[in-house]
Amino acid sequence: MPSHLITKCLLIGLVSSALSGCLGGSIAQQIVSSMLIKGADKATAMSLDAQERNNKEAAQKMPLKDTAPDPYKIAFLNAGFENVAIQVEPLPEIPLEAETPIQMMQETKLVQVEVWSLLVGDEKQRVLEKVKSQSEADIPPKSEWQQWQIAIGGAENNKQAITFLIPPEMGKIHSGEKTLVELSSVGGLNIARYTLN
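Please read all numbers here as calculations on a predicted model, not as lab measurements.

Draft legend 1. The overall build of the protein chain, seen in detail. Looking only at helices and strands, one finds four helices and five strands in the protein chain. Secondary structure elements of the protein chain occur, N-terminal to C-terminal, as α-α-α-β-α-β-β-β-β. The buried share of the protein chain, reckoned over its 197 residues, is 20%. Sequence-distant contacts in the protein chain: of pairs separated by 6 or more residues, those separated by 24 or more amount to 54%.

Shown next as structure tokens:
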């Protein structure tokens with residue numbers, strides 16, 4: 001037993017004998033027993049720590065076994081890739097007729113227009129038939145013409161008269177309202193795209 005533990009035990013014994021006379025035997029015994037238990041716990045913890053340190057040092061100092069190298073591991077480490085030769089192939093010839101034509105982007109112009117009046121009845125019918133016969137513009141089929149409106153209005157910047165088609169999803173448009181109209185190419189029908197009111 002180490003000397004510091006012997007000293008602690010003697011000290012505890014002296015304290016317990018002194019307390020037994022002053023405070024009574026049961027209290028002194030409890031104090032002594034708790035002190036002894038704390039001392040034993042500390043001693044146990046210290047010995048366990050020392051044992052763990054010794055085990056780590058022994059594991060680090062242990063000589064390695066002289067084993068034969070693993071043939072698979074050596075083959076993997078020495079493996080390489082074959083050199084690949086570059087093969088150049090000519091592009092297939094495409095006849096000029098088979099080439100797809102490049103579609104040019106068309107710029108659409110939106111103009112703010114104030115509605116002056118709406119065309120109804122025969123007048124509306126004549127405008128739609130004229131546009132259908134003159135251009136390839138996307139106008140609705142004849143069965144849907146009743147749902148669409150045709151209006152005449154003036155562009156805000158120069159008050160030039162513009163005739164335009166109003167899709168049914170925009171709802172009913174009245175004179176005096178403002179819309180954004182997409183101007184079509186020559187001969188086509190202008191189409192209202194947004195209401196501004």
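Draft legend 2. Fine view of the pairing of strand β2 (residues 149-155). Among the seven residues of β2, six are classified as buried, and the element is accordingly described as predominantly covered. Pairing analysis gives six bridges linking β2 to strand β3 (residues 161-166), with the strands arranged antiparallel. In the strand pairing of β3, G154 is matched with A161.

Draft legend 3. Representation of the nonpolar core. In terms of nonpolar packing, the biggest core is built from 12 residues, these being V111, V113, V115, A151, A155, I162, F164, I166, M170, I173, V181 and A192. Listed by contribution, the elements that provide at least two residues to this core are β1 (109-119), β2 and β3. The contacts of V111, once residues within four sequence positions are left out, are A155, T179, L180, V181 and L183.

Draft legend 4. Structural context of the environment of H174. Structurally, H174 can be placed in the loop between β3 and β4 (178-183). Spatially, the C-alpha atom of H174 lies 9.1 Å from that of A151, the residues being 23 residues apart in sequence.

Draft legend 5. Quick look at the environment of G171. Its place among the elements puts G171 in the loop between β3 and β4. Between the alpha carbons of G171 and Q147 there is a distance of 9.6 Å; along the sequence they are 24 residues apart. Not counting residues within four places of it along the chain, the set of residues in contact with G171 comprises Q149 and I166.

Draft legend 6. The arrangement of the confidence of the model for the protein chain in detail. On average, residues of the protein chain score 77 in pLDDT, and 78% of them reach the 70 mark or higher. Looking at the elements of the protein chain, mean pLDDT is at its lowest for helix α1 (residues 3-22), recorded as 65, and at its highest for helix α2 (residues 25-61), recorded as 85.

Draft legend 7. Region of interest: the pattern of salt bridges. Throughout the structure, instances matching the rule amount to one salt bridge. R193 is paired through a salt bridge with E182; the nearest N and O atoms lie 2.6 Å apart. With R193 in strand β5 (residues 190-195) and E182 in strand β4, this pair connects stretches of sequence that are 11 residues apart. What makes R193 partly exposed here is its relative accessible area of 38%.

Conventions and cut-offs
- Residues numbered from 1 in each chain as written.
- Predicted model: local features only at pLDDT ≥ 70, side-chain atom pairs only at ≥ 80, totals over all residues.
- Heavy atoms only, no water.
- Helix = DSSP H or I, 4+ residues; strand = E, 2+ residues; numbered from the N terminus.
- Buried < 20%, exposed > 50% of the residue type's maximum accessible area, 1.4 Å probe, protein only.
- Contact = heavy atoms within 4.5 Å.
- Pairing = 2+ DSSP bridges.
- Core = buried A, V, L, I, M, F, W, Y, C linked by side-chain atoms within 4.5 Å.
- pLDDT = per-residue confidence, 0-100.
- Salt bridge = Lys/Arg side-chain N within 4 Å of Asp/Glu carboxyl O.

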